[in-house]
Amino acid sequence: MRWTRKAKIQKLCAMLPGGDLLYRRIQRRYGRLSPDPYKRLPQHAAMLRRLTELGFRPEGARCLEVGTGHLPVAPLAFYLLGAAEVVTVDLHRRLDTELTTAMIQRLLRSRDRLADLYAGLVDPARLADRLAALEALPSGSPHHLRSLNVHYAAPGDAARMPDEDDTFDLSFSMTVLEHVTPPALAAILAEARRVLRPTGLAAHLIDPSDHFAHQDASITRINFLRFSEREWQRLGGNEFSYCNRLRAPDLEQLFTDAGFAIERRLRTVDERSVAAVNRGFPIHPDYHGFDPDDLCTTELEIYARPRTHAARPS
């Protein structure tokens, strides 16, 4: 689908009463909304392997997810790996019980694949026990998930958590932070710093690319950098389209300002976008201060600790 058409559909749905339900139906029929957990689990497993290298262990951990979305893939994965509790917070109540139930059934039908994906990260006996508990779950509703100590808080505010200081072992998100306004993101990171234990970790997979390019191959992953802020808000400034367009240095600075020290950062630079910049792609003046690699970083992983307990960033 051409990105301009998708932008118009999203904008219309955001304006209509009941537009959330309408957009969800459109996504399920024409988009990428699917109960397949393996669209996300390989990224989660890769994140967990990097976390274990930094000393994190999921067994008995208390984890905080920012941004649940339609499917609680990562919270259920942490449950299966032995987490004591997972709190998942979302601004909008979008968890889909029907899709989540179907996702759980797919997990149960693919136990060997799941065990292979997390090999070395979880005790096989623990995984088997937790799969048995998952199998007994009546449905994937938030109410039933609570029996697994997976707590869904939506509508919720990750910048104003009810928890006491130093009570979580991990704060994480997967392709969520790019959808948060810069002031709200700064507040969310400051709150994560507050609720993390001194030995805790923050782990965030961020997609700073133009998300319209995910389905429209005619544009590059930096297409949205050609527009002024006012133009971009007109095109994509709604709850279904919004991306903050922060570049990798901006995002890293927000972590530092919130009191984190970055222990590991992983960047993926999109070479097609770099080539477009070198050919004269019209970058808006707001972004002229960035070098091509910073402009064209389209995947970013940040692993950080509360600063007073962190090692020197690498």
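Calculation criteria
Residues numbered from 1 in each chain as written. Predicted model: local features only at pLDDT ≥ 70, side-chain atom pairs only at ≥ 80, totals over all residues. Heavy atoms only, no water. Core = buried A, V, L, I, M, F, W, Y, C linked by side-chain atoms within 4.5 Å. Buried < 20%, exposed > 50% of the residue type's maximum accessible area, 1.4 Å probe, protein only. Helix = DSSP H or I, 4+ residues; strand = E, 2+ residues; numbered from the N terminus. Contact = heavy atoms within 4.5 Å. Phe/Tyr/Trp six-rings, centres within 6.5 Å; stacked < 30°, edge-to-face > 60°. Pairing = 2+ DSSP bridges. Patch = residues over 30% accessible without salt bridge, like charges linked within 9 Å, V, L, I, M, F, W, Y side chains within 5 Å. Areas by Shrake-Rupley, 256 points an atom, 1.4 Å probe, with all protein chains shown as cover. Salt bridge = Lys/Arg side-chain N within 4 Å of Asp/Glu carboxyl O. Polar contact = N/O pair within 3.5 Å; in protein donor to acceptor, adjacent residues only side chain to side chain.

Taking an unreviewed UniProt entry as the reference, the protein is identified by name as Methyltransferase type 11 domain-containing protein belonging to Paractinoplanes ferrugineus.

(A) Highlighting the nonpolar core. Of all hydrophobic cores here, the largest spans 48 residues; its most connected members are Tyr118 and Leu134. Mapped onto this core, the elements with two or more residues apiece are α3 (41–53), α4 (73–80), α5 (97–109), α7 (124–135), β3 (150–153), β4 (168–174) and β5 (196–206). The leading source of residues in this core is α4, at seven residues. Apart from residues lying up to four places away in sequence, Tyr118 is in contact with Leu41, His44, Ala45, Leu48, Arg49, Ala77 and Leu81. Formed by 30 residues, the second largest nonpolar core is a distinct cluster that contains Ile206, Leu246, Ala258 and Ile302.

(B) Structural context of unusual backbone geometry. The amide bond that connects Ala154 to the next residue, Pro155, takes the cis arrangement and shows omega of -5°. Notably, Arg245 is not glycine yet its phi reads approximately 65°, a positive angle. Looking at the element boundaries, Arg245 is found in the loop between α10 (229–236) and α11 (248–257).

(C) Region of the structure containing the packing of aromatic side chains. Tallied over the full model, the rule gives ten aromatic pairs. Each ring, one from Trp3 and one from Phe227, has its centre 6.0 Å from the other, and the planes form 55°; the classification is tilted. On the criterion of sequence distance, the pair formed by Trp3 in helix α1 (residues 3–15) and Phe227 in the loop between β5 and α10 is long-range, its members being 224 residues apart. Classification of Trp3 by relative accessible area gives buried; the value is 9%. When its relative accessible area of 14% is taken as the criterion, Phe227 is described as buried.

(D) Seen up close, the pairing of β3. Residues Val150 and Tyr152 of β3 are buried on one face, while the alternating residues His151 and Ala153, pointing to the opposite face, are not. One ladder, built from four bridges, connects strand β2 (residues 85–89) with β3; its direction is parallel. Bridged to Thr88 within β3 is Tyr152.

(E) Up close: a nonpolar patch on the surface. A contiguous nonpolar patch, built from Leu12, Leu16 and Leu22 and spanning about 240 Å² of accessible area, is present on the exposed surface. Tracing the backbone through its elements, the reader meets Leu12 in helix α1. Judged by relative accessible area, Leu12 falls into the partly exposed class, the value being 46%.

(F) Looking closely at the side chain of Ser209. Note on placement: Ser209 falls in the loop between β5 and α10. Taking relative accessible area as the criterion, Ser209 reaches 1% and is therefore assigned buried. Separated by 2.6 Å, the side chains of Ser209 and Asp207 make a polar contact. In terms of polar contacts, Ser209 uses its side chain to reach the side chain of His214, at 3.1 Å. If we skip the residues at most four places from it in the chain, Ser209 touches His214, Arg221, Phe224 and Thr298.

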